[in-house]
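Overview (structure and organization)
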Amino acid sequence: MEPAQKNDPELHKTPLWALHVSLGARMVPFAGYDMPVQYDGMGVLKEHIHTRTAAGLFDVSHMGQAVLSAENADPARALEKIVPGDIAGLKPGQMRYTLLLNDDGGIIDDLMVTRWDGNTLFLVVNAACKDKDFAYIRKAIGGETKLEYLADRALLALQGPKAEDVLKVFFPAVTDMVFMTAIKAEYKGHECFVSRSGYTGEDGFEISVPENFAEDFAKELLAQEGVKAIGLGARDSLRLEAGLCLYGHDLDDETTPVEAALKWTVPKRRREEGGFAGAEKILKQFKEGTSRLRVGIKPEGRAPIRENTELFAEDGAKVGVITSGGFGPTFDAPVAMGYVDAAHAKAGTKLHALLRGTKRPCEVAAMPFVPQSYKK
Amino acid sequence: MTKVLFSDDHEYVKIEDGIGTVGITDYAQKALGDVVYVELPKVGDSVEKGGQAGVVESVKSASEIYSPVTGEIVEINEALTDDPALVNSDPQGAAWFYKIKIANDDELGSLKDEGAYNDYIAGL
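Quick notes on the rules
Residues numbered from 1 in each chain as written. Chains lettered and ligands numbered in written order. Predicted model: local features only at pLDDT ≥ 70, side-chain atom pairs only at ≥ 80, totals over all residues. Heavy atoms only, no water. Helix = DSSP H or I, 4+ residues; strand = E, 2+ residues; numbered from the N terminus. Rg over C-alpha atoms; globule rule 2.2 N^0.38 Å. Contact = heavy atoms within 4.5 Å. Buried < 20%, exposed > 50% of the residue type's maximum accessible area, 1.4 Å probe, protein only. Pairing = 2+ DSSP bridges. Axes fitted to C-alpha atoms, helices over the stretch in contact; angles between N-to-C directions.

Okay, the overall build of chain B next. On a plain count of helices and strands, chain B comes out with four helices and nine strands. Start at the N end of chain B and walk to the C end: the helices and strands fall as β-β-β-α-β-β-β-β-β-α-α-β-α. By the compact-globule yardstick of 14 Å for 124 residues, chain B fits well, its C-alpha radius of gyration being 13 Å. Viewed in the frame of its principal axes, chain B has a C-alpha envelope of about 35 × 35 × 25 Å. When contacts within chain B are restricted to residue pairs at least 6 apart in sequence, long-range pairs at least 24 apart make up 60% of them.

Residues and elements named next belong to chain A. The element helix α7 (residues 232-241) is largely enclosed, with a buried count of nine among its 10 residues. The set of residues buried in α7 consists of L232, G233, A234, R235, S237, L238, R239, L240 and E241. The inward-facing, buried residues of α7 contact β1 (25-30), β2 (33-39), α2 (44-53), β3 (55-59), β16 (318-328) and β17 (333-341). Immediately beyond the C-terminal end of α7, within one or two residues, lies G243, with a positive phi of roughly 75°.

It is worth spelling out the environment of A151(A) at this point. Following the sequence through the fold, A151(A) ends up in the loop between β8 (146-149) and β9 (153-159). On a C-alpha basis, the gap between A151(A) and G316(A) in space is 51 Å, while along the polypeptide they are 165 residues apart.

On to the sheet that holds β9(A). All names here are of chain A. Read across the sheet, six strands follow the order β10-β11-β12-β9-β3-β13 without closing on themselves; strand pairing throughout is mixed. The open sheet has two edge strands with one neighbour each: β10 (182-187) and β13 (227-229). Adjacent strand axes in the sheet meet at a mean angle of 25°, parallel and antiparallel pairs treated alike. Note that strand β11 (residues 190-195) and strand β12 (residues 204-210) share three bridges and pair antiparallel. Its bridge partner lying in β12, S195 is registered against E206. Sitting on the sheet, α2 touches β3, β9 and β13, and the angle it makes with β3 is about 120°.

Listed below in structure tokens is the structure:
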């Protein structure tokens with residue numbers, strides 16, 4: 001058992017830290033921040049189910065928000081040198097999930113890119129990666145772009161089937177938004193960035209607000225019917241059921257988009273034109289395949305199979321490893337993902353995991369484990 | 001007479017007529033969160049004090065159960081296999097893990113009584 005939570009002065013606090021504590025959150029260190037893992041009277045299971053059936057409010061202020069701009073030019077062309085997505089083709093108010101790549105095609109981070117206008121992009125990167133990412137972006141394309149870290153903004157996520165009904169009270173325009181679009185909107189005189197996106201597989205929104213307005217805004221959201229605060233524990237089980245990757249676990253700088261089963265993040269134009277970091281290796285993998293692939297893994301029975309558990313083929317050969325695993329409260333069974341040799345990557349392939357010295361049957365499974373319900 | 005003792009790892013053992021009933025404390029279930037899976041030892045297994053005698057898994061993590069006493073497993077609580085959430089709702093009652101024939105009464109001296117255990121968790 002872990003010791004009781006102490007106030008660690010080494011950890012950063014988000015603008016909602018005091019609110020989490022007042023709501024009875026159990027705080028844990030995550031990516032250098034003191035973050036809520038679950039709340040009193042709820043817990044991971046209830047928080048997970050609540051998000052899939054009503055609306056969950058997440059504090060994701062630890063993530064890195066930044067603006068990438070260029071004078072009299074489109075910063076998308078520069079950014080496309082280090083990401084494989086179609087950024088230049090984004091219209092104002094459209095956003096895209098993409099990957100920051102190194103010269104070997106390895107994934108430095110996964111991120112969201114939103115176009116505000118012809119000269120401005122808005123980036124959201126992972127908390128643990130933000131210093132590394134911003135340094136890399138500045139080094140790679142700093143001559144032709146300007147990167148401004150928005151350290152004074154908080155980021156909230158409101159996720160679940162009731163998210164739109166709740167948020168339209170604050171921002172009526174959200175009813176016209178579809179998945180992966182964003183608007184700038186004012187509430188009580190504060191400039192907010194509202195996107196229809198998230199990390200749960202549910203319909204929902206992420207809302208960037210000035211840090212000095214974050215607590216008031218979060219309290220107003222929590223006062224709405226059907227909204228509850230949700231911690232990082234449920235955030236992880238929700239994204240895992242949705243088949244979404246967690247950087248540092250399912251993705252890292254020695255894994256390419258093809259290996260990560262994220263070929264869809266490299267659209268036709270980028271495959272034809274190349275010209276992004278690691279393109280030679282990645283485009284070769286498009287043609288020839290890779291030796292390993294990210295897949296879903298469905299354990300038989302009730303025992304969760306967790307990160308670093310090794311996977312074996314029926315003949316006993318080691319063929320892979322779990323990179324994320326746990327229990328899926330909505331799926332009502334254990335769920336996992338991991339990397340396996342390409343010959344064993346087909347859905348339905350029978351494998352076994354070696355769990356505490358015991359062979360546990362499992363099967364390569366299509367993801368997501370729970371259907372996504374985005375507003376298209 | 002029944003006596004209840006506690007380990008520093010947050011297992012309890014209720015002792016009656018040389019048989020110990022072992023589970024995890026309320027403090028432990030709160031720290032673990034929602035329990036989704038319990039792995040129990042087998043009847044007939046011999047376990048050492050401090051040795052692994054099972055696993056309890058929450059949505060987020062797996063924690064080992066260490067036997068507070070040495071002995072032979074004489075009964076396991078199959079109800080936990082079907083309803084692991086019992087560990088959260090009634091940890092020190094219906095959600096016992098196993099019963100063990102206590103091999104060495106001398107070991108009991110190193111365990112805490114309820115008052116000492118409550119003082120111990122208050123300091124964590």
